[in-house]
Every structure is written in C-alpha cells, then in structure tokens.
Amino acid sequence: MTAVRARSRARARTRARHALLAGLLCALPACGTDDGSPARPPTWEEQPWEEPAAYAYTLKSAEGERALIGTFRVTVRDGVVTEAVGLDDSARRAVESAPEAVPTLGELLAELALARQEGAAKADAEYASDGHPVRIALDRAENTVDDEALYVITAYEPSPRA
C-alpha cells in the first residue's frame, strides 16, 4: 500500500484549479424555460456541487495513454489528496511513480470544465442526486488516438470530520 502525503504545493495547485473552475462556471449562462413548460432538473454546471473539505471515494481511471490508469481509493482532506491507495497493479504503479497525479473530485471537475472550454470533442459527465460526479468521459480531439479519459467514481463518502 502506498500513501500520498499532502504538500503545500499541492494545496496551492488545488486552490488554483478550484479558482479556474469557479471562473468558468460563472461564465456559463443560466437555463430556464420561457414557454411555461416544466423545467428540467438543473445540471451540475447550473447548480454546482460544493466539494466538502473531507471525503473519500473510489476512482476507476481508464482509456487513453496516461499514467493515471487503474482503480484507486482516494482520501481528501482540506481539498488535497492525503492518501491514495492503488487497488490494482496499474494503480499501484501509478501511485508509486506519480502520487501527485491522483486527483480530488474538484480537480476532475476542473479538468472537465477546461476540456469544455477548449472545445473537446467529448466532455460528458453524469452526477449523483447530491451533485457529485459519478462518471466523466473526455476525448480532446475526435481523430486523435489515445487522448481519451474515462473516470468512474464510486463509493463516495463525505467525512463527518470535515
């Protein structure tokens, strides 16, 4: 088992990504209906999920040629990954070689927002009823091989010790 310890540089990077995400979200238009038809449930972009200070989740990262491939159990405190455990061989290698690459949910959402801003061929997400992401699929360029990313989030548990 390999653990990741929080660093002040990682905290600064996380805060910068959250600021970018907040700025991108402020630029999105509000949605509604003018014809009196029932409004659809808001998407995450319209009613963003507020990332708690402390939580844990399981991340399955697949597709593309990237270092972050495999299944991970991730613990976040104060907006920073404090522990990442590789649950399969690929994930264990990823944590050993680049522990700082294991993202918080906020960082995954920032990656999604950036892909949308840059006009990615695919930047889709699905959300749980509480608003946290459960699936993010990215493909930066339609005709480029191995630039895809698929993130599946399960076993999300906000920590009562936030």
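Above this text sits the structure in question.
Residues numbered from 1 in each chain as written. Predicted model: local features only at pLDDT ≥ 70, side-chain atom pairs only at ≥ 80, totals over all residues. Heavy atoms only, no water.

For the structure on display, the rule yields four aromatic pairs. On the numbers, 6.3 Å between centres and 75° between planes, the contact of Trp49 with Tyr55 is edge-to-face. Grouped by ring-pair contacts, the aromatic residues Trp49, Tyr55, Tyr57 and Tyr156 constitute a single cluster. (Phe/Tyr/Trp six-rings, centres within 6.5 Å; stacked < 30°, edge-to-face > 60°.)

To continue, consider helix α3 (residues 105-117). Here α3 contains 13 residues, and its C-alpha end-to-end distance of 18 Å stays within 8% of the 18 Å for a straight helix at 1.5 Å per residue. Taken as a whole, α3 has its buried residues at Leu105, Gly106, Glu107, Leu108, Leu109, Ala110, Leu112, Ala113 and Ala115. Two residues or fewer past α3, Gly119 is found with a positive phi of approximately 75°. (Helix = DSSP H or I, 4+ residues; strand = E, 2+ residues; numbered from the N terminus. Expected span 1.5 Å × (residues − 1). Buried < 20%, exposed > 50% of the residue type's maximum accessible area, 1.4 Å probe, protein only.)

With that settled, consider the sheet that holds strand β1 (residues 54-62). Pairing is antiparallel in the open sheet, where six strands are placed in the order β3-β2-β1-β6-β5-β4. At either end of the open sheet lies a strand with only one pairing partner, and these are β3 (80-86) and β4 (122-127). Across the sheet, the mean angle from the axis of one strand to that of its neighbour is 20°, orientation sign disregarded. Note: strand β2 (residues 70-77) against β3, six bridges, orientation antiparallel. Each residue of the ladder has a partner; that of Arg77, found in β3, is Val80. Contacts from helix α2 (residues 89-97) reach β2 and β3, with the element oriented near 45° to β2. The strands that α3 touches are β1, β4, β5 (133-139) and β6 (148-158); relative to β4, the one it contacts most, it runs at about 140°. (Pairing = 2+ DSSP bridges. Axes fitted to C-alpha atoms, helices over the stretch in contact; angles between N-to-C directions. Contact = heavy atoms within 4.5 Å.)

What α2 keeps buried is the set Ala91, Ala94 and Val95. Each buried residue of α2 lies within a common arc of 95° when the element is viewed along its axis, so the set occupies one face. Away from its buried face by more than 90 degrees, α2 exposes Arg93, Glu96 and Ser97. Check the buried side of α2 and you find it contacts β2 and β3. (Arc of directions from axis to C-beta.)

Time to look at the pattern of salt bridges. Taken as a whole, this structure holds four salt bridges when the rule is applied. Where Arg73 meets Glu157, a salt bridge forms, and the shortest distance between an N and an O atom there is 3.5 Å. Linking Arg73 in strand β2 with Glu157 in strand β6, this pair joins segments that are 84 residues apart in sequence. As a salt-bridge pair, Glu118 and Arg140 come within 3.3 Å of each other at their nearest N and O atoms. Of the two residues, Glu118 sits in the loop between α3 and β4 while Arg140 sits in the loop between β5 and β6, which places them 22 residues apart along the sequence. Taking relative accessible area as the criterion, Glu118 reaches 54% and is therefore assigned exposed. (Salt bridge = Lys/Arg side-chain N within 4 Å of Asp/Glu carboxyl O.)

What follows covers the pairing of β6. When β1 meets β6, the two strands line up antiparallel, connected through seven bridges. Each bridged residue has a counterpart across the sheet, and for Leu59 the counterpart in β6 is Ile153. Examined bridge by bridge, β5 and β6 share five bridges and lie antiparallel to one another. Within the sheet, the bridge partner assigned to Leu138 lies in β6 and is Ala149.

Counting 27 residues, the largest nonpolar core has Tyr57, Leu59, Phe72, Leu105, Leu108, Leu138 and Tyr151 as the members making the most contacts within it. Elements that contribute at least two residues to this core include exactly β1, β2, β3, α2, α3, β5 and β6. Looking at this core element by element, the count peaks at five residues for α3. The residues contacting Leu108, other than those within four sequence positions of it, are Tyr57, Leu59, Pro103, Ile136, Tyr151 and Ile153. (Core = buried A, V, L, I, M, F, W, Y, C linked by side-chain atoms within 4.5 Å.)

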